[in-house]
Every structure is written in structure tokens, then in C-alpha cells.
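Each chain is listed here by its residues.
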Amino acid sequence: MTIIYEVDLAIGADVAEAHARWLDAHVRQMLGFERFLEAEILDRRDPPAESGWVARCARYRLIDQAALDAYLRDHAPRMRADGVARFGDQVRASRRILAVAVRY
């Protein structure tokens, strides 16, 4: 069953440009992990970001739950720590995991 892994991001406007460059490289690295199928970066329009912030979402499609479990176990701590080290409290992230129930 295909899994969608979303990372919702609130990015301080002062670091948004630098973060966009970093996020591009970060997503490309994620796509190198086994059984990651595709990814996209989305700008959130509604609800709008808080004043002084930019709202984005990185969305990944993985082949199955085992692929996500392997990522979370083997890579997530390092990948997350890199963003925190670079941007600190100028980036806030929340995550959600969705399973595709029906594909048309």
C-alpha cells in the first residue's frame, strides 16, 4: 500500500530563500533512499502563513509502510538534525503519514 509522508513547514521569512535552496537538496537526498518513489514541494496557500512566515509542505510518496519505517529508523534523525542545525527555531515542522486507500 502506497504511503504519503508529509512534512509541513513554517519557515521564517528571513531564512526562506536559504531554506528553499537547502530543501531542494534535502528532497533530492531523500529520493535517493530505497523505495522513495517521488516528491514534491508545495507552497501552502490556505490557510495562509502567519505574518513573517512562509508555509510549505514537502510531500513524499513511498512504496509501502516498510519503506517509511526504514527511513524513520535509519535516516530521519540525521536528516532532521541537519535542518535544525542550519535553521534552528526559524523553521517549525510537523509531520503526517497517509495511506492511499483508493487510487483513480
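In case you missed it, the structure is sitting above this.
## Comments concerning the nonpolar core
Move 1: Grouped together as the largest cluster of nonpolar side chains are 23 residues, with contacts concentrated most on Y5, M30, F36, Y60, L62 and Y71.
Move 2: Among the secondary structure elements, those contributing two or more residues to this core are β1 (3-12), α1 (16-31), β3 (53-62), α2 (65-74) and α3 (76-87).
Move 3: Apart from residues lying up to four places away in sequence, Y71 is in contact with Y5, M30, F33, F36, A76 and M79.

## Re the packing of α2 against α3
Move 1: Interaxial distance between α2 and α3 falls to 4 Å at its minimum, and their mutual angle equals 60°. Here α2 lies oblique to α3, going by the angle between them. Taking contact as the criterion, the partners of Y71, L72, R73 and D74 in α2 are, on α3, A76, P77, M79 and R80.
Move 2: Looking at the contact of α2 with α3 residue by residue, the class counts come to five nonpolar, no polar and three charged.

Conventions we followed
- Residues numbered from 1 in each chain as written.
- Predicted model: local features only at pLDDT ≥ 70, side-chain atom pairs only at ≥ 80, totals over all residues.
- Heavy atoms only, no water.
- Core = buried A, V, L, I, M, F, W, Y, C linked by side-chain atoms within 4.5 Å.
- Buried < 20%, exposed > 50% of the residue type's maximum accessible area, 1.4 Å probe, protein only.
- Helix = DSSP H or I, 4+ residues; strand = E, 2+ residues; numbered from the N terminus.
- Contact = heavy atoms within 4.5 Å.
- Axes fitted to C-alpha atoms, helices over the stretch in contact; angles between N-to-C directions.
- Parallel < 35°, antiparallel > 145°, perpendicular 65-115°, else oblique.
- Nonpolar A, V, L, I, M, F, W, Y, C, P; charged D, E, K, R; others polar.

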